[in-house]
Amino acid sequence: MKYQAPKGVSEYFPPRSSSFEWVKETLLTPIRRAGYRLLELPVFEDTELFTRGVGASTDVVSKEMYTFEDRGGRSITLRPEGTVGALRAIIEHGLDRAILPAKVFYSGPFFRAERPQAGRYRQFYQVGIEAVGTEDPALDAEVIAIAHAGYRALGLTQFRLEITSLGDSTTRALHRVDLLNFIDGLDLDAATRARAEMNPLRLFDDKRAEVRELMSTAPLLLDYLSDESRAHFEQVKGYLKDIGIEFTVNPRMVRGLDYYTGTTFEFVHDLLGAQSGIGGGGRYDGLMEQLGGKPISGIGFGLGIDRALLAAEAEGVVEKEAFVTDLFIIPLGSAAMSIALSLSEELRVHDLTVEISFGDRPLKSALKYADKSGAGHVLILGDSELASGIVELKEMRTGATTSVNLSSLVSAITTELSTW
Ligand code: HAM
C-alpha cells in the first residue's frame, strides 16, 4: 500500500520548504512592523459563517467549500478564506470595543475544492491582515503599501497593482438596476442568467470569450460612484501616488468574495500564467454588522504564499541562504560526542544553526554530508583534538582552517562566524 497526499494540495518539504518559510516570514515582516497583532484561528468554523459572510453567489461558497457534519451533528466547513473568521473572532472577543482600528494578522492553510492546476490548490496558504473600525482612506493606502512592501522585500519586480472602487450601497443599487437592464437585453443561457440575478457583477468575471464580448459595453460601477465614494477613492489614489506606489485602475475587476465595498485591489504577477493573482483585498463596509458586530468598516488583504513562492522562483530571486547551517560538528567517539552535544546547545543560544554528525559516520562520509548540507564551517572533534585541547575550524567555501582552543571554543566560534 502506497499512500499519497490528497489530490490538489500543496505540500512543502526540504529543501523547498525553506523557501516557503522565507516567503512567509518576509511577507509577515512589514505586517508586524506596522503594528498588526497575531490572530491564531481555528481552521474550521460553522458553515453558516461563510455562507452569510462570503456570499451564496460566489463560487467559493456555492461550489468549493469542504463542508461536513461533525460528530455532534453540526455543519462545519474548512475555512476557504480568512476575513469572516477574523471578524467573528474580533466581535466574539470584543476587539472592536477597544482602540480602533483593531489590527490583526493571520497565516495558515485555507481550503477550496477547486480544479487543481499550477498555482491553484485545494489546500493553500495565505498571510492576511484585517484593520477594522476606521474609514480613513489613508488606511486603505497603508494596507496596500504593506502588501507591496512584502513583495518588494521578496525581490519581486514583475508584478502589477490593480485597484478599483465598488462604491457604497447607494452606488451599487443604482448601478445594479442599469446593469440588470443591460443583462436583460443579452442572449444568455439560463445558468448564467441565474448567476447574474444573484450578483450581476459576476458576469464581468466570466472567462468565456463570448460573454466577455457581450459585457464589453456593460455599464461600469466606477461611473456610478456617489460623491462620497468618489472622494474616498480619489484620496486613496492620491496617497498611493504620494508614496510612489504604481497602480492601474481596473473598473472590471471582480473579486471572488461578495463582501467587498469601496476600495478593492489585486496584485497580479506577469510570469504566473492563468493563476496570476498573488494577493488581493479591499474594504468591507457592511460585513461586521452582518456578522453581528458593530456597524463599522474594515479593510484587509490575503496574500497567497504558494503563488508568491512560484513568482519568486520564476523571477529567480529566491533567497537560497535563508536557512543554512552555520556549523557542522563531526565528533569521532563518545567523549567527543558529549562535547559536541553541549557545544551545539551553547552555540544555538547564540543564534547559530549547528548540526552534528550522528551514528559513527566515518570522517570522509561525514565531511561529504556536511558539504551537501551547505554548512558554512566544519569542526572535527577526534581523539588527538581532545588530547591537545586544540581544534581546527574549517571554512568550507575556502578550505581555510583556524586553530581554536577547546576551552574558549564558544567565544572563538561566535567571533569567527560573525565576522565570516
Ligand atoms: P482571495 O483573493 O480569495 O481573497 O485570496 C487571496 C489570495 O490567495 C489570492 O490572491 C491567491 O494568491 C491566493 N489563493 C486563493 N485561492 C487559491 C488557491 N486555490 N490556490 C492557491 N492560492 C490561492 C481572500 O481570501 C480575502 N479573504 C482577502 C481579504 C482579506 N480581503 C479582505 N481581507
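A brief report on the enclosed structure follows. (Residues numbered from 1 in each chain as written. Predicted model: local features only at pLDDT ≥ 70, side-chain atom pairs only at ≥ 80, totals over all residues. Heavy atoms only, no water.)

Another point: the sheet that holds strand β2 (residues 44-46). Taken in spatial order, the 3 strands line up as β2-β4-β3 in an open sheet, and their pairing is antiparallel. Across the chains shown, the open sheet's two edge strands, defined by having one partner strand only, are β2 and β3 (67-69). Within the sheet, the average angular offset between the axes of one strand and its neighbour, ignoring direction, is 35°. In this structure, β3 lies alongside strand β4 (residues 75-78), joined through 3 bridges in antiparallel fashion. The residue of β4 that forms the bridge with Phe68 is Ile76. Where helix α2 (residues 47-54) meets the sheet, it contacts β2, β3 and β4, and its direction lies at approximately 80° from that of β2. (Pairing = 2+ DSSP bridges. Helix = DSSP H or I, 4+ residues; strand = E, 2+ residues; numbered from the N terminus. Axes fitted to C-alpha atoms, helices over the stretch in contact; angles between N-to-C directions. Contact = heavy atoms within 4.5 Å.)

Moving on to the site of the ligand. What surrounds the ligand is a group of 28 residues, the closest being Glu81, Glu114, Tyr121, Tyr260 and Gly277. At 2.6 Å, a side-chain N or O of Glu114 approaches a nitrogen atom of the ligand. A distance of 2.9 Å separates a nitrogen atom of the ligand from a polar backbone atom of Tyr121. Bound to the protein, the ligand loses 95% of the 660 Å² it would expose on its own. The set of elements that each furnish at least two residues to the shell around the ligand consists of β6 (123-132), β10 (277-284) and β11 (298-304). Looking at the shell around the ligand, the element that brings in the most residues is β10, giving 7 residues. Taken together, the residues that form the shell around the ligand break down as 9 nonpolar, 12 polar and 7 charged. (Near = heavy atom within 4 Å. Polar contact = N/O pair within 3.5 Å; in protein donor to acceptor, adjacent residues only side chain to side chain. Areas by Shrake-Rupley, 256 points an atom, 1.4 Å probe, with all protein chains shown as cover. Nonpolar A, V, L, I, M, F, W, Y, C, P; charged D, E, K, R; others polar.)

The next thing to look at is the packing of aromatic side chains. Enumeration over the complete set of coordinates arrives at 12 aromatic pairs. Ring centres 5.9 Å apart and planes at 80° place the aromatic pair Tyr259 and Tyr284 in the edge-to-face group. Of this pair, Tyr259 sits in the loop between β8 (248-249) and β9 (261-269) while Tyr284 sits in strand β10, placing them 25 residues apart in sequence. For Tyr259, a relative accessible area of 5% corresponds to the buried category. The class of Tyr284 is buried, set by a relative accessible area of 1%. Here the aromatic rings of Phe265 and Phe267 are separated by 6.2 Å at their centres, their planes lie at 80°, and the arrangement is edge-to-face. Here the two residues Phe265 and Phe267 agree in accessibility, since each one is buried. One aromatic cluster in this structure is built from Tyr151, Phe159, Phe265 and Phe267. Above the ring of Phe110, the side-chain terminus of Arg79 is found at 4.2 Å from the ring centroid. (Phe/Tyr/Trp six-rings, centres within 6.5 Å; stacked < 30°, edge-to-face > 60°. Buried < 20%, exposed > 50% of the residue type's maximum accessible area, 1.4 Å probe, protein only. Lys NZ or Arg CZ within 6 Å of the ring centre and 35° of its normal.)

The calculated volume of the second largest pocket comes to roughly 620 Å³. If you list the elements that add at least two residues to the lining of the second largest pocket, you get α2, β7 (159-165), α6 (169-184) and α10 (287-290). In terms of residue class, the lining of the second largest pocket is built from 17 nonpolar, 11 polar and 7 charged. (1 Å grid on protein atoms, 1.4 Å probe; cavity = no way out; pocket = protein on both sides within 12 Å on 5 of 7 lines; lining within 4 Å. Points joined across faces, edges and corners; volume = space filled by probe spheres on them.)

Bridge analysis of strand β15 (residues 390-395) against strand β16 (residues 401-405) gives 5 bridges, and the strand direction is antiparallel. Within β16, the position partnered with Val391 by the bridge is Val404. Connecting β15 to the next strand, β16, in antiparallel fashion are 5 residues, including Gly399 with a positive phi near 80°.

With respect to the helices, strands and loops of the structure, Gly94 is situated in the loop between α4 (83-92) and β5 (102-111). Using a relative accessible area of 12% as the deciding quantity, one classes Gly94 as buried. Along the sequence, Gly94 and Gly293 sit 199 residues apart, while their C-alpha atoms lie 9.2 Å from each other.

Moving on: empty space enclosed by the protein. All chains considered together, the criterion is met by 1 cavity of 30 Å³ or more. Taken as a whole, the largest cavity holds about 30 Å³ of empty space. If you trace the largest cavity, you find it lined by Leu41, Pro42, Glu45, Phe50, Arg79, Glu81, Gly82, Gly85 and Phe110. When grouped by side-chain class, the residues that make up the lining of the largest cavity number 4 nonpolar, 2 polar and 3 charged.

Just distances and angles here, no functional claims.
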